[in-house]
Amino acid sequence: MGQEITFSVKIKEEDLYRYNIHHAYTSTQGIFSIVLFVLLVAVWILRFSVLSPIYRVAYPLVAIIFLLYIPMTLKMRAKAQMGQEVFMHPLTYRFTDTGIVVSSPVADEDSELPWEYIYKIATWKDYLLIYSNRINAYIIPKEDIANQYEDAVAYIKTHVEDYKIQIK
């Protein structure tokens, strides 16, 4: 058995929201909503003189809905998730030779993500993201593990295949 690294993080609503926004706008849905917004505004500008008054109002309103729908729904989702008991307490992460063990004071059992089941590990802005699949990730704010960040990254690099690591 090698050395283990243990740290605790407290996820905030802003952390969940920022992750969800990042994920949404790097997916097809987010890109599609931005493209629709741009197209609607372009058609509105180019065709403004021939549009009836109702369409002069409708085009920008529909464009704004496409632009604001995703952020607003993700904000509500993050707020609802923060109401779950698991987010009311810090999560404790333990990097072991077999995987990442996550524990919470409200959980009956610890959960373990074996190193070989990790989909990807990446950094984005102020976060270390440990993906268990293409969509779901453990969100670790770098500020919460500032003293152990370098050790954690070194530990990850010794246990995860290089092609799964996207750490900047």
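Residues numbered from 1 in each chain as written. Predicted model: local features only at pLDDT ≥ 70, side-chain atom pairs only at ≥ 80, totals over all residues. Heavy atoms only, no water.

Draft legend 1. Expanded view of the overall build of the chain. For the chain, the helix and strand inventory stands at 4 helices and 8 strands. Against the 2.2 N^0.38 benchmark of 15 Å for 168 residues, the chain shows a C-alpha radius of gyration of 21 Å, more extended than a compact globule. The principal-axis extent of the C-alpha atoms belonging to the chain is close to 75 × 35 × 25 Å. Here the chain holds 168 residues, and 35% of them are scored as buried. Long-range contacts, defined here as pairs at least 24 residues apart, represent 56% of the contacts in the chain between residues at least 6 apart. Of the roughly 10,300 Å² of accessible surface on the chain, a fraction of 60% belongs to carbon and sulfur atoms. The centroid of the 16 positive side-chain charges in the chain is displaced by 16 Å from the centroid of its 18 negative side-chain charges. (Helix = DSSP H or I, 4+ residues; strand = E, 2+ residues; numbered from the N terminus. Rg over C-alpha atoms; globule rule 2.2 N^0.38 Å. Buried < 20%, exposed > 50% of the residue type's maximum accessible area, 1.4 Å probe, protein only. Contact = heavy atoms within 4.5 Å. Areas by Shrake-Rupley, 256 points an atom, 1.4 Å probe, with all protein chains shown as cover. Lys, Arg positive; Asp, Glu negative; His and termini not counted. Charge placed at Lys NZ, Arg CZ, Asp CG, Glu CD.)

Draft legend 2. Seen up close, the packing of helix H1 (residues 13-25) against helix H3 (residues 53-82). Closest axis-to-axis distance for the H1/H3 pair is 9 Å, and the angle between their directions is 140°. Considering how the two elements wind past one another, H1 and H3 form a crossing that is right-handed. Contact residues: H1 offers Glu13, Leu16, Tyr17, Asn20, Ile21, Ala24 and Tyr25, while H3 offers Leu67, Ile70, Pro71, Leu74, Lys75, Arg77, Ala78, Lys79, Gln81 and Met82. Here the residues of the contact of H1 with H3 are counted per class, giving 11 nonpolar, 2 polar and 4 charged. (Axes fitted to C-alpha atoms, helices over the stretch in contact; angles between N-to-C directions. Left-handed = near helix turned anticlockwise from the far one by under 90°. Nonpolar A, V, L, I, M, F, W, Y, C, P; charged D, E, K, R; others polar.)

Draft legend 3. Region of interest: the pairing of strand S6 (residues 127-131). Among the 5 residues in S6, 5 count as buried, and that is most of the element. Between strand S5 (residues 120-124) and S6, which pair antiparallel and follow one another directly, the connecting turn spans 2 residues, one of which, lysine 125, has a positive phi of 50°. Relative to strand S7 (residues 137-141), S6 runs antiparallel, the two being bridged by 5 bridges. Pairing of isoleucine 130 across the sheet is with tyrosine 138, part of S7. Connecting the antiparallel pair S6 and S7 is a turn made up of 5 residues. (Pairing = 2+ DSSP bridges.)

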